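Here's the letter readout for the chains.
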Amino acid sequence: MQSSDVGETLSLVFCGANVNCDTGDPDCPSPVSLAKSFEQKLQMEFLAQNKNTEIPRSEVGCHLDRQYYVAPPSITHNGFLFKTGSVGKPITERKAKEEFSQRWCTLNDGVFSYFESPRNSTPNGDLRMKEIACLAVSVPETHGYDHTFEIYTDSERLYLFGTDNSDAMREWVKSIAKSFIPSSAEDLLNRDFERIGRLQYKDGLNLQSPRVGWFALVGSTLHVCFEDSEEEEAIHLKKLQELSIQQENEVLVLVERRRTLYIQGERKLDFQGWCSSIQRAARSSGHTLCEQQLTEGDIPVIVDRSIDYITQCGLTSEGIYRKSGVNSKIAALLESFRQDARNVRLKEGEHQVDDVSNVLKRFFRDTEEGMFTSEAANDWLSTPAVADDCQRVLRYQTLLSNLPRVNKATLRALVNHLYCVQCFSDINQMNLHNLAIVFGPTLFQTDGKDYNAGRVVEDLISHYVAIFNVNEQQLQKQLDEISAIIKLRDINSSSKVPPAGDFICTVYLEEKKETAEQHIKIPATMTAAELAFEILDRRKITVREKDYWCCFEVNEKEETERSLHYQEKVLPILHSLGTESYLVVKKHFSMEAMLIYLASKVDDSKHGMIKFREDRHLLGLGLSAFHDRYFILNRTSLRLFKEVRSHRPEKEWTVKSLKIYQGIKKKLRPPTCWGFTVVYANEKHEKQQWYLCCDTQTEMREWLSTFLSIQHDGNVWPSDSMKVRASRVPLDARLGNISLIPLRGSENEMRNSVAAFAADPLAVSPINQSINQSSQLNYTPPIIPGRDWCFACSGISIMVFLFHYDKSSVFTLAPSSFFKALGLVGLLYSHPNLNS
C-alpha cells in the first residue's frame, strides 16, 4: 500500500487476500486507510472497487477442488444514437427529430459515454451503470424517431435516446439492462419488457422498513424479484382487486387476493413513470375478452359484477333482459366499465336492473372476436344439427375445451347465470326459449340472421350440467341461496312504509327574488350538477363553452356562500339548511381562473401568511381582532403557526372535515374584502368557525382552489359537463313532469298559487300572487287555519290531503277539465301522522 505497484496488489487480491483485513495499525486499521495515508490514490480506488469481492476458499478440514474467482464479463457496445438534453421532469410531449442530436455512444466497463463523434476522445457526458434506477422502452413512434428509450438515474435526471433501427435499439436496451441489473434478477432480462428497474417495496409480512426489489413490466404482467426470494414472481395487473396511489406518501398499493404489495417511490421522477405505466397496464386495453380487467377466475369484471348485481336485485324483475333501459345511462355505465371496471360499484337505487342487463348485452355484442371466436363460430352454429343428444353434448364439450381460457370461463359464468334466471321463470317470465331469443344473436353477433344461434344458447342452458361437468349439489345449493335472497327481499319490501315522495324545495336562479323562484323535486340521488342543469333546462338557458354554472349554498346571516361540488348530493344539504339559508344556481365566474391555477400546480399544497380571527360567539374566547398567522395546507391537514419560524402548530384540522365559505360578515370588520369562513364540525356535530382574510383576490382564489382540489382528490370540475347532463335521472313518467307545490295559508292564497302555477310554472310564488282563478275548481274543501295542504291529481280523481299535528283528512274530488288538461301529478310531503 505504501508504493504505487498496483500489479502486486492485484495479484494479492486474486490469490485470496482479504481487502478488508486488519492491518494492526490503529491509525490505519484497513488497507484503504493505509493507502490513503501514503496518498496512493490509484491503490485507494482499486481497493475501494474490490472491497466487497468475495473469494471462494476452502474450509479447514474439508477436501474441495481448487476454485478460482471469475470476474463477471464486461458488457461492451457502441454505435450512433440520437439524444435530447437531460431533464428533471417526465417527458409528456412528443419530441421532433430536430430536437435530437446525433452522438457516438459507447458502453464499456459499466460506463455509458456519449461523444460528439467517433474521433473525439473526450465524452460530452457519461452515465455509470450503478447510478441507473430505471430503463423504459417507449411505444414505437412516440417521438420523432421511431424507436426510443429512457434512462432514469438516482440523481433524478431523465435521458432520452432514439434511433430508426429497431434492431439497434433492441441491442442497446439489452446491453444497458445487463449492465445494471444484478445477477439475482437476471431472469428479468429474458423478457420483452417495456420498463425495468429497482423499486422499494413493503408487503404484508414486513411493513416496518422498505426493501429493494427488481421489477419488470411486460404487457399487463409485473415480474418481480424480491429481496428475500430466489424465484421470480408474477403479478397479473388486470386481475388486481384494487390499485390505488397514496399521494401523501407516494405509495402505489396493489391488492391481490392473497397479498397486498406497497411499492414506494424512492425517487419521484421514475416513480411517476412506474405509476402511470402500471395503471395503464391494469386497465382494459382493447375490446376482446382477454384484454378486459379480470377476476381471479378469468372472468371480465364487467361480466362478473353485472351478473352478481342482477342475481341480487333483478331475478324477480319481469322480462329481465328483454326490456330496454335508458340509453344515455347504458352508454355512460358501459364507458365507465371500459375505463376502469375495477372502480365501478353497482348499487341498488343508483343503478336500474334494466340498465345493467342492457350493459351486459351490449358488451357481448361489441366484443371483438365474439364469445365463440370468429374461427370457431361456424362450428358452434352447426352443432345443433346433430340429432343425437349425447353426440351433440360431446361436440359442445370439445368446442368448449378449444376456447381460449378467458372465453371459456366467461361462457361458463354466463350460462350458469342464465340457467338460474330460467329456474325462476314463473316470476320473471324468462323461460329457456325467451333467453335463447335474446342471447343467441347477442353472443354470435348475428343480428337475428341465423336461427341456429338461439338453438346453441338453448342447448347450452338445457344441457348446462352435462356440458360444463357441473356438480349438481353445488348447483342446488346456489339455487337455494338465490331463493333465500328473493324471500328476504320480499320480506323487506313488504315491511317498508310506502315512500312519501321526493322533497320539494325552492331554488333561485342567479339571485333571490320572487320572479327567480323555481320549485324543484329533489330525489335522494340528485347531485348539484343535475340540479343546476334542471333549472337551466326549465328556463331554456343554453350553456356555452366556459360557462361554469354551479349551485351555491347562501347564508344570509353569515353573509357567506359556498359552491357545491358538482357530485355533491343536494338532499343532505337541504336538510342541514337553516331558515336564513337557501340554494341559488348561478355562474361561477372564478372557476376558469381556479382551474388554470390548479393545472399549473405541481402538488396539492399551499402555505403563506393570512389574517386570522376566531369566532368569539361560538368559543367564548379567542382573538378580538384579525392577526397575522402562518398557514400550511397539504393533502391531509390545515395547520396554523404563530409565525413562519414556529416549529409546532397552534392548531391543526383535517382538511376533509372542513367546509369553506367565501365571504366574512361585515360586522367583524375584516381588513380586506377577500376573505373566507372556515367551518369545522366534529363527530358530535359541534361547530366551530374561523375567519381568514387574504390581501388580494388572486391569493384568496388560490387558497379556495387548493382546498377544493384536496377535498375532492383533484376532481374539481367535470372534464365533460355534457356527460353529467346526459346522466341526469329522468322524471318518473308515472308522476308527470310538473312538480307539486305546497298549498298553505288562506283559501284565496291557495287558489292564487294553483292558478299562477298553471299560468307559468317557472315563475310561480306559492303564496304572494294576486290572480283569482277560483272558477277552475269544482269543489273547495273547508280551509282550516294553521294546517298544511297538498294535492295529487290523476285522470280519475283529485285527492286533497289536510295535515295537522294530531290527524289527517282526505278529500276526493271529481276531476275538472282544467286539471285534465294539465295532466298534473304531484308528490306529497311526508308527514309522521300519515301512515299510507
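Residues numbered from 1 in each chain as written. Predicted model: local features only at pLDDT ≥ 70, side-chain atom pairs only at ≥ 80, totals over all residues. Heavy atoms only, no water.

Colleague: Can you explain the overall build of the protein? Please cite residues and give values.
Modeller: The number of helices and strands found in the protein is 24 helices and 29 strands. Per-residue burial over the protein gives 44% buried out of 836 residues. For the protein, the exposed area adds up to about 44,600 Å²; of that, 47% sits on carbon and sulfur atoms. (Helix = DSSP H or I, 4+ residues; strand = E, 2+ residues; numbered from the N terminus. Buried < 20%, exposed > 50% of the residue type's maximum accessible area, 1.4 Å probe, protein only. Areas by Shrake-Rupley, 256 points an atom, 1.4 Å probe, with all protein chains shown as cover.)

Colleague: With reference to specific residues and values, describe the packing of helix α7 (residues 327-340) against helix α8 (residues 353-366).
Modeller: Look at α7 against α8: their axes get within 9 Å of each other, and the N-to-C directions meet at 60°. Classed by the angle they form, the pair α7 and α8 counts as oblique. Crossing of α7 over α8 shows right-handed handedness. The residues of α8 that touch α7, namely those facing N327, K329, I330, A331, L333, L334, F337 and R338, are D355, V356, N358, V359, R362, F363 and D366. Here the contact of α7 with α8 is composed, by residue class, of eight nonpolar, two polar and five charged. (Axes fitted to C-alpha atoms, helices over the stretch in contact; angles between N-to-C directions. Parallel < 35°, antiparallel > 145°, perpendicular 65-115°, else oblique. Left-handed = near helix turned anticlockwise from the far one by under 90°. Contact = heavy atoms within 4.5 Å. Nonpolar A, V, L, I, M, F, W, Y, C, P; charged D, E, K, R; others polar.)

Colleague: Kindly report on the nonpolar core, identifying the contributing residues and their values.
Modeller: Proteins that are soluble and globular tend to have nonpolar side chains buried together. Y321, W380, L411, L460 and F468 are the most contacted members of the largest nonpolar core, which has 67 residues in total. Among the elements that make up this core, the one with the highest residue count is helix α11 (residues 405-423) (ten residues). Aside from chain neighbours lying at most four places away, what touches F468 is L400, L411, R412, V415 and L460. Counting 34 residues, the second largest nonpolar core, distinct from the first, contains V554, L658, L692 and W717. (Core = buried A, V, L, I, M, F, W, Y, C linked by side-chain atoms within 4.5 Å.)

Colleague: Describe the environment of Q476, listing the residues and the values that go with them.
Modeller: With respect to the helices, strands and loops of the structure, Q476 is situated in helix α16 (residues 472-495). Judged by relative accessible area, which is 42%, Q476 ranks as partly exposed. C-alpha of Q476 to C-alpha of C420: the two residues are 56 residues apart in sequence and 10.0 Å apart in space.

Colleague: Now, about the state of the cysteines: what can you tell me, with residues and values included?
Modeller: On inspection of all chains with the given rule, the structure shows zero disulfides. Of all cysteine sulfurs, the one in C551 lies closest to C550, which takes part in no disulfide; the gap is 8.6 Å. (Disulfide = S-S within 2.5 Å.)

Colleague: Can you lay out unusual backbone geometry for me, pointing to particular residues and giving the numbers?
Modeller: The residue E369 is not glycine, and still its phi comes out positive at about 75°. Notably, E559 is not glycine yet its phi reads approximately 60°, a positive angle. With respect to the secondary-structure elements, E559 resides in the loop between β17 (549-555) and β18 (560-563). When its relative accessible area of 39% is taken as the criterion, E559 is described as partly exposed.

Colleague: With reference to specific residues and values, describe the packing of aromatic side chains.
Modeller: With the rule as written, the count across this model stands at 24 aromatic pairs. Here the aromatic cluster, defined as three or more aromatic residues joined through ring pairs, consists of F112, Y114, F149, F161 and W172. The aromatic ring of Y145 is capped on one face by K97, whose charged end is 5.0 Å from the ring centroid. Here the guanidinium or amino end of R195 rests over the ring plane of W274, the centre of that ring lying 5.7 Å away. (Phe/Tyr/Trp six-rings, centres within 6.5 Å; stacked < 30°, edge-to-face > 60°. Lys NZ or Arg CZ within 6 Å of the ring centre and 35° of its normal.)

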